[in-house]
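Structural description and commentary
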Amino acid sequence: MHNELKLFPREIKGQMSERTQKLLKIYYQTLSSVDNEFPYWYSRKYFELDNEVAAVRRAQALKEAFSHLTAVIFPGELIVMQKTMHYRGSFAMPWLSEGYFMSKEDEFYQASLKRGSTSADQHSKMGSGGGNVTKSFGKVVSIAGKFGIREEEMPALLELARMWYGKSVDDLGNKYEKMVPGYDCKEKIMRSLVCMFDSGYTLPQGREVINYYYPLQYGFDGLIKIASDKMSEVAGFANGDGMVGMNRLYNYQAIKLVLEGVQAWILNYAKEAKRLEHIENDLDQKQEYQEIYENLQWIAYHPPRSFKEALQLCWTLHIAVLNEDAISGLSLGRLGQVLYPYYENDLRNGKIIEEQVIELLELQRLKFTCVDCFASMGVVGGVLSGNTFNNLSIGGTDKDGRDASNTLEMLMLEAGIRCPTPQPTLSLLYDDKLDDEFLLKAVQSVKTGTGYPAFMNNRVAMEFLLEQYRNENMNIEEARAWSIGGCLETSPCSWMPLKINSDPKTYYIPGGSGQPTSVGVHFVSLPKVLELVLFDGVDQRTSESVLEKHNRKLNSYDELLATFKDYFSKIVELLVRCNNIQHDIWRKNNMAIFNSLLKPDCLSKGHLINELGYRYNATFNIETTGTINLINSLASLKKNIYDEKRMTLDELKWAIKNNCGYKTAESINSYSLMDQVKIADTEGVTRRELEHFEEIHSLLMKAPKYGNSEEYVDSILKDWEDWFTGMCRNYQSLYGHPLYACQISVSTHGAMGAVTSATPDGRLAGTTFADGSLSAYPGTDKNGPFALMNSATCFDHSRSQNTQLNFKLHPMAIAGNSGSKKLLELIRGYMRRGGFHLQFNVVDTNMLKDAQKHPENYRDLLVRVAGFTQYWVEIGKNIQDEVIARTEYGEM
Amino acid sequence: MKNKTQYHYRDTLNYAPVDVVKGIDLITKSLVKADDLAPPEYELLPKCKFCKHFSSGANSNYKGSCLGFAKPFLAYPDMIAKTCSSYIKNEHE
Ligand code: SF4
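Let's talk about the overall build of chain B
A count of helices and strands for chain B gives zero helices and six strands. For chain B, the succession of helices and strands along the chain, N to C, is β-β-β-β-β-β. Seen along its three principal axes, the alpha-carbon backbone of chain B occupies a region of about 40 × 35 × 25 Å. A buried classification covers 49% of the 93 residues belonging to chain B. A separation threshold of at least 6 residues defines the contact pool for chain B, and within that pool the share at least 24 residues apart is 51%. Charge centroids of chain B, computed over 13 positive and 10 negative side chains, lie 5 Å from each other.

Looking at the site of the ligand
Around the ligand, the neighbouring residues are A:Trp41, B:Cys48, B:Cys51, B:His53, B:Phe54, B:Cys66, B:Ala81, B:Cys84, B:Ser86 and B:Tyr87. At the ligand, the nearby residues belong to more than one chain, namely chains A and B. For the shell around the ligand, the residue count by class is eight nonpolar, two polar and no charged.

Side note on the interface of chain A and chain B
How big an interface is tends to be stated in terms of accessible area lost as the parts join. Contacts between chain A and chain B engage 48 residues on the former and 32 residues on the latter. Between chain A and chain B, a total of about 3500 Å² is buried, with carbon and sulfur atoms accounting for 65% of that surface. The interface formed by chain A and chain B holds five salt bridges in total. Across the pair A:Arg150 and B:Asp35 runs a salt bridge, and its minimum N-O distance is 2.9 Å. Counting every contact that joins chain A to chain B gives 15 residue pairs in polar contact (both at pLDDT 80 or more). Breaking the side of chain A that touches chain B down by element, the ones donating at least two residues are strand E1 (33–34), helix H2 (37–48), helix H3 (54–68), strand E4 (147–150), helix H6 (154–163), helix H10 (247–279) and helix H11 (283–299) of chain A. Top contributing element to the side of chain A that touches chain B by residue count: H2(A), with six residues. Split by residue class, the side of chain A that touches chain B holds 23 nonpolar, twelve polar and 13 charged.

A short note on the sheet that holds E4(A)
All names here are of chain A. The sheet built from four strands is open, its strands ordered E2-E1-E4-E3 with mixed pairing. At either end of the open sheet lies a strand with only one pairing partner, and these are strand E2 (89–90) and strand E3 (140–143). Pairing geometry for E1 and E2, over two bridges, is parallel. The partner of Val 34 across the bridge, within E2, is Ser 90.

Observations regarding helix H12 (residues 307–324) of chain A
Along its 18 residues, H12(A) runs 26 Å from first to last C-alpha, staying within 8% of the 26 Å computed at 1.5 Å per residue. Most of H12(A) is tucked away, with 18 of its 18 residues classed as buried.

Describing the domain arrangement of chain B
Residues and elements named next belong to chain B. Taken as a whole, chain B is organised into domain 1 (1–45) and domain 2 (46–93). On a C-alpha basis, the centres of domain 1 and domain 2 stand 20 Å from each other. Counting residues at the interface gives six residues for domain 1 and nine residues for domain 2. Taking both sides of the interface into account, the surface hidden between domain 1 and domain 2 amounts to around 670 Å²; carbon and sulfur atoms contribute 59%. The interface formed by domain 1 and domain 2 holds three salt bridges in total. The shortest N-O distance in the salt bridge between Arg 10 and Asp 78 comes to 2.3 Å. Remark: the boundary between domain 1 and domain 2 carries five residue pairs in polar contact (both at pLDDT 80 or more). Considered class by class, the residues forming the side of domain 1 that touches domain 2 number four nonpolar, no polar and two charged.

Some points on the packing of aromatic side chains
All names here are of chain A. Going through the model one piece at a time under the given rule, you end up with 45 aromatic pairs over all chains. Both rings, one in Trp 720 and one in Trp 723, keep their centres 5.5 Å apart while their planes meet at 40°; by these two values the pair is tilted. Taken together, the residues span about one helical turn, with Trp 720 and Trp 723 both in helix H28 (residues 711–727) at a distance of three residues. Trp 723 sits in the partly exposed class, given a relative accessible area of 22%. Three or more aromatic residues joined by ring pairs form one cluster here, namely Phe 38, Tyr 42, Tyr 46, Phe 47, Phe 66, Phe 91, Trp 95, Trp 164, Trp 265 and Tyr 269. Across from the ring centre of Trp 298, 3.8 Å away, lies the NZ or CZ of Arg 305, which sits over that ring. Positioned above the aromatic ring of Tyr 712 is the side chain of Lys 639, whose terminal nitrogen or guanidinium carbon lies 5.2 Å from the ring centre.

Some points on the nonpolar core
Of all hydrophobic cores here, the largest spans 302 residues; its most connected members are A:Ile189, A:Leu216, A:Phe307, A:Leu335, A:Phe568, A:Phe594 and A:Phe840. No other element matches helix H21 (residues 557–589) of chain A, which puts 14 residues into this core. Of the domains in this structure, domain 1 (1–45) and domain 2 (46–93) of chain B are the two that each give at least three residues to this core. By size, the runner-up hydrophobic cluster in this structure holds nine residues, among which are A:Val34, A:Ile149, A:Met154 and A:Phe374.

Describing the sheet that holds strand E17 (residues 806–809) of chain A
Residue and element names in this part refer to chain A. Ordered in space as E7-E8-E9-E18-E17-E21, the six strands form an open sheet in which the pairing is mixed. The sheet is open, and its two borders are formed by strand E7 (392–395) and strand E21 (888–889), each paired with just one other strand. Across the sheet, helix H31 (residues 816–832) lies against strand E8 (426–430), strand E9 (454–457), E17 and strand E18 (837–842), angled at about 155° from E18, the strand it touches most.

Some details on the environment of A:Leu788
One can find A:Leu788 in helix H30 (residues 785–792). In the structure, A:Leu788 is positioned 618 residues away from A:Asp170 in sequence and 42 Å away in space, judged by C-alpha atoms.

A closer look at unusual backbone geometry
Note on backbone geometry: most residues besides glycine have negative phi, and most peptide bonds are trans. Residues and elements named next belong to chain A. The peptide bond linking Gln 423 to Pro 424 adopts the cis configuration, its omega dihedral lying at -15°. Structurally, Pro 424 is set in the loop between helix H16 (407–418) and E8. Backbone torsion omega between Pro 600 and Asp 601 reads 10°, so that peptide bond is classified as cis. Secondary-structure assignment places Asp 601 in the loop between helix H22 (594–598) and helix H23 (602–605). Phi at Leu 193 is positive, roughly 65°, even though this residue is not glycine. Take Leu 193: it is sitting in the loop between helix H8 (183–191) and strand E5 (205–209).

Quick notes on the rules
Residues numbered from 1 in each chain as written. Chains lettered and ligands numbered in written order. Predicted model: local features only at pLDDT ≥ 70, side-chain atom pairs only at ≥ 80, totals over all residues. Heavy atoms only, no water. Helix = DSSP H or I, 4+ residues; strand = E, 2+ residues; numbered from the N terminus. Buried < 20%, exposed > 50% of the residue type's maximum accessible area, 1.4 Å probe, protein only. Contact = heavy atoms within 4.5 Å. Lys, Arg positive; Asp, Glu negative; His and termini not counted. Charge placed at Lys NZ, Arg CZ, Asp CG, Glu CD. Near = heavy atom within 4 Å. Nonpolar A, V, L, I, M, F, W, Y, C, P; charged D, E, K, R; others polar. Buried area = accessible area lost by both parts, 1.4 Å probe. Salt bridge = Lys/Arg side-chain N within 4 Å of Asp/Glu carboxyl O. Polar contact = N/O pair within 3.5 Å; in protein donor to acceptor, adjacent residues only side chain to side chain. Pairing = 2+ DSSP bridges. Expected span 1.5 Å × (residues − 1). Domains from an automatic or database assignment. Phe/Tyr/Trp six-rings, centres within 6.5 Å; stacked < 30°, edge-to-face > 60°. Lys NZ or Arg CZ within 6 Å of the ring centre and 35° of its normal. Core = buried A, V, L, I, M, F, W, Y, C linked by side-chain atoms within 4.5 Å. Axes fitted to C-alpha atoms, helices over the stretch in contact; angles between N-to-C directions.

Take a look at the structure:
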């Protein structure tokens, strides 16, 4: 008998339409592609307009860029338009940052290396499969480790980038952040990857919810008229505001220009559809081109009349915002509730049937899956794993607090089951009021193994929002409109009164009304800060002195913790000040105009995002990574060093410096703890030393671990959470509002783990941290899922924008109807205990191991990482190893 | 009789670029390589390199200038010009 592994498939599998299948097949063969059209026309216009008012200058440049994009329609599509001419296209925005895609020899690249902007790139891993262009070939040049550009376009791109040297948000921001006292230290923080990213020029917007309302209600012509009327009304009036009251005129002019640009873009597509109709011989395809032409020609001017037109318009608006700025995590919000009135009307009037709706939703999924965001390798690989987080929320409660789920959302779940793709991922806003049928449909979707929907707690989110936006007058009704922005960022939204066609009813639809979140301080690595505490400010990887020596002996646990908090606070303060400057430069020269006009209350106030035109502006936050490795490390230090004195601090530091007698993770190209390899006594260490390392490591591993419902370690977590979520509010964003805590890892736990020495919890150097903020470290949660849930809910989740707990379940653990019900009870139990977020990877670990060996057999395998779903072949090895290592629950 | 010029797929109007190396032939609906030759009847796609206002650079194959608007600016031969209001096809193309 041969001992081949038995691989358990996922229980549920859907069947997408033939049309979707054909288009998805093209996607599987598509490379991430970059071209110059947008930056070319943007830059050309921008540099022509010296001395124009900043908002108008930017708007003119945007209009020029949008109206020059080449329209390409692929046969078989029903929902058309994409970011660029390519199926999976994106483009550089050198006005944000130009250094990182220069050649490594280039002086700009060297300059950004020095200031730490590219450090994350060097330690981030991009999956080498799928559509990533990780190496140049033939006539294709690989840039930023992921994107391919034709060699014919590369010299022009470099020339365009040079035009922005010293003028980009990155460069200008850097010029001024250098004036912050202690800036040198900030450079060291970035170089050592204590913090993974600057905020103001990488992905300055996103992790927010779009608002589709105004174009749905008024159409482009209606909005252009509103802007024109407002210009006449406000011209020359300060309206009691001596600072920015006069700017309203220029802002309305800017709004009008950008609307005209996006309108021209849509009309170029309409023209292309007409052209294709003329050259097409197949009658069905000809008819489809004709319909595409009619829909586009209509929505370029007027409010949509049907579900299909509304869906097309929402998609167009979405990519228009994505083209305006470098954005990840522009969420759709509760699109099923936004589009429900159109769906209901069409269904009632016999214009559409459910199967057609599902096919359109499948095609929309495919469109979102094709969305790429051009950014540096560190951002795209190290944080995003190639995903762009266009999250679709379902469920929640309506304006009056009732169950808000509807039949269109059921169809969205069905489309997600039939067409399993990374985007849009789904987030279910869980409330006890939600119907069981709806929840069980969601559980069925989880069982496909796509990892969506994730479950977020409606009540906890509302409590967070009411506290955070109290000063901006948020009330309970408005709090109910919330959605997830990005992968897991609770975002403020508002109810908008929609009227459609001749329907006398007013529908209150939810839409985003807040600024970007996950801006402010990006990803501070808590285990790395602990490393600095233990080694008096010195980074063990580079031997660079990152922070000033604390000169404390760390004689007690309290002294250790106090030193940690001091170091952490210093880092945060420096980063807040520098990032505020970067965002301030962004708002002066690179402000959102299209995104702004969509959000209440810019259009009525005449102020864009940069002048606090949005209804909610207190959205800046402080992000952390590696919470659980920090907590486990603190528990181990407390136990082994201070309470039981099993070893001295010096002994521990000696072991850490020597990676507890193990080889480096990089040298064996494996990033999970279980695969690490010991050094042999022939490799420069004595047998005695090796035994000592083993002894120490064993004590570190045996120390209490989070996730087992143990008071010793859970109380450390609670203390940390109470302190951290409180300290964030001591800092202010550039908009004058207090910051708050954001606790998600996305993929940073891979890159940041790669540069961090061994930690006192037994984790070895270079290995990936525990994912999320509340997932147990792989293999250390020994008491089952309910114990893990107990540990995770030992503190108040509503003090933070989010928390993140990921479960890995073997498909057998939730098989059949009874398995589905068990899973639903688990979700309910967690939510009722006040847990904020829960997501599931339903997969057989053996299958993942096989996929790592034979990626060619698994092009369509999806896994849940941390807040997002991604193709296995498109994620980096350090994250793959971590997903494999996660504790797999075989039974519940 | 002069043969009709045969262009690369990526220089024709019947090509929808899927990515930087391949695309769809809009007539046959098949996946084709960007640099393969298209059938002779396929029409030329407007690009800067085919435009009267394009002046190629002395030192680079892939860079030049556009003289089609009030202010001259960088141009590159391969840029698609379907949406350029100043595009005028060079007679010898
Ligand atoms: S006029 Fe237009 S097509 Fe001609 S070179 Fe200039 S940009 Fe290119």
